[in-house]
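A structural walkthrough
So the chains spell out like this:
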Amino acid sequence: MSITDPWVGTWRPHKPRGPIAAMYSSPGPKYALPVLIGISKHDPTKYKAPLFSFGTRHNQASSDCSPGPRYLIPSNITRAGQDGTPAFSLHSRPKEPGLFKAPGPGDYSPERSVKWTFHSAPAFSLSGRSKECGNSQTPGPAAYTLPIVLGYKTVITPAAPTYSLCGRSKNGSFHEDLKKTPGPAAYKVVDPCIYRQKPPQFSMAGRNFIPDGTIKKPGPGAHHAEQVTITRAKAPSFSFGVRHSQYVSPLIVDVNE
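Figured I'd write up the structure that's included with this text. As a convention, each chain's residues are numbered from 1 in the sequence order in which they are written. A pLDDT threshold of at least 70 governs which residues receive local features in this predicted model, and a stricter bar of 80 or more applies before side-chain atom pairs are shown or counted, although totals over entire chains, interfaces and linings include all residues. The side-chain quantities take in all heavy atoms of the structure and omit both hydrogens and water.

**Thoughts on the overall build of the protein**
- What the protein contains, in helices and strands, is two helices and two strands.
- Looking at the protein as a whole, 2% of its 257 residues qualify as buried.
- Within the protein, residue pairs in contact and separated by at least 24 positions form 0% of the contacts whose partners lie at least 6 positions apart.
- To be clear on the numbers: accessible area is Shrake-Rupley with a 1.4 Å probe, and residue cover counts the displayed protein chains and nothing else. Accessible area for the protein stands at about 29000 Å²; split by element, carbon and sulfur atoms hold 60% of it. Secondary structure elements follow DSSP: runs of H or I of four or more residues count as helices, runs of E of two or more count as strands, with numbering from the N terminus. In this scheme, a residue with accessible area under 20% of its type's maximum is buried, one over 50% is exposed, and one in between is partly exposed, where area comes from a 1.4 Å probe on protein chains only. Contact definition: two residues touch when any of their heavy atoms are within 4.5 Å.

**Some details on unusual backbone geometry**
- Non-glycine residue Lys41 carries a positive phi angle of around 55°.
- With respect to the element layout, Lys41 can be found in the segment before β1 (77–78).
- Of the residues examined, Lys41 reaches a relative accessible area of 72% and is grouped as exposed.

**A short note on a nonpolar patch on the surface**
- Together, Val149, Leu150, Val155 and Ile156 give the surface a local cluster of nonpolar side chains, amounting to about 460 Å² of exposed area.
- Tracing the backbone shows Ile156 in the loop between α1 (114–117) and α2 (192–195). Within the patch definition used here, like charges are joined within 9 Å and nonpolar side chains (Val, Leu, Ile, Met, Phe, Trp, Tyr) within 5 Å, considering only residues with over 30% relative accessible area and no salt bridge. A pair is scored as a salt bridge if a Lys or Arg side-chain nitrogen falls within 4 Å of a carboxyl oxygen belonging to Asp or Glu.

**What about the side chain of Asp43?**
- Take Asp43: it is sitting in the segment before β1.
- When charges are counted, neither His nor the chain ends are considered; positive counts come from Lys and Arg and negative counts from Asp and Glu. Lys46 provides the closest opposite charge to the buried, unpaired Asp43, separated from it by 5.3 Å.
- The definition of a polar contact used here is a pair of N or O atoms within 3.5 Å, where within protein one atom must be able to donate a hydrogen and the other to accept one, and adjacent residues in sequence count solely through side-chain atom pairs. Within the structure, the side chain of Asp43 is placed 2.9 Å from the side chain of Thr45, a separation counted as a polar contact.
- Every residue in contact with Asp43, bar those within four places of it in the chain, is listed here: Pro34, Val35 and Leu36.

**Focus on the side chain of Thr154**
- Positionally, Thr154 belongs in the loop between α1 and α2.
- A polar contact of 2.7 Å, which involves the side chain of Thr154, links it to the backbone oxygen of Thr157.
- Once residues lying within four places of it in the same chain are set aside, the contact partners of Thr154 are Ile148, Val149 and Ala159.

Structure follows, in structure tokens:
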């Protein structure tokens, strides 16, 4: 840049001292390579060494968790278990066993052994209906139906041939008209007045009444004599025309050369 270059405000254009980002089309050092140390953002294509961290000291490390001397170990317990010395304990005196009482002849009831020693007739008793009978969902006799024995859907009996009555088909029957010949009803009846002498015809006309005072007759004001143009010439009539646009060029007949 020359010294004669114009100023831009308080700044004069000059050569940059070093490269700037505007001189490159690439993003430049904006994107850095992943690091090879640490655990955060490590390069996945490189080998990562094992990591170790110093843990914190637990809260129970300073407290004593052993039971201490509060448990008294018995003297007869060794490292191999209990020793073999006899041990005795004080218990209450057991009760003396009572004398065995053999049953006598009066303890038996032979009259009640009739049903077990001899044949007896069946005996039934009437008891009240239990509550569980009301909740029983056992189907009754009306819940079952015997299979039908009539018709073509029998199950246990052979079914006879069945026939059904159907409507007469229009196709393939004896009265089918294959030639589609028109019948007498296909023609319209011709009026006899066309090919014979036409008789006189009369019609009933409406009844005419003589006008009386109740009929509304037009007065002098109902007629407009000035508008009659049948018996005389029509008077000239004028109307207001439409205003033309100011941009329409006027008609020029005489042109001066």
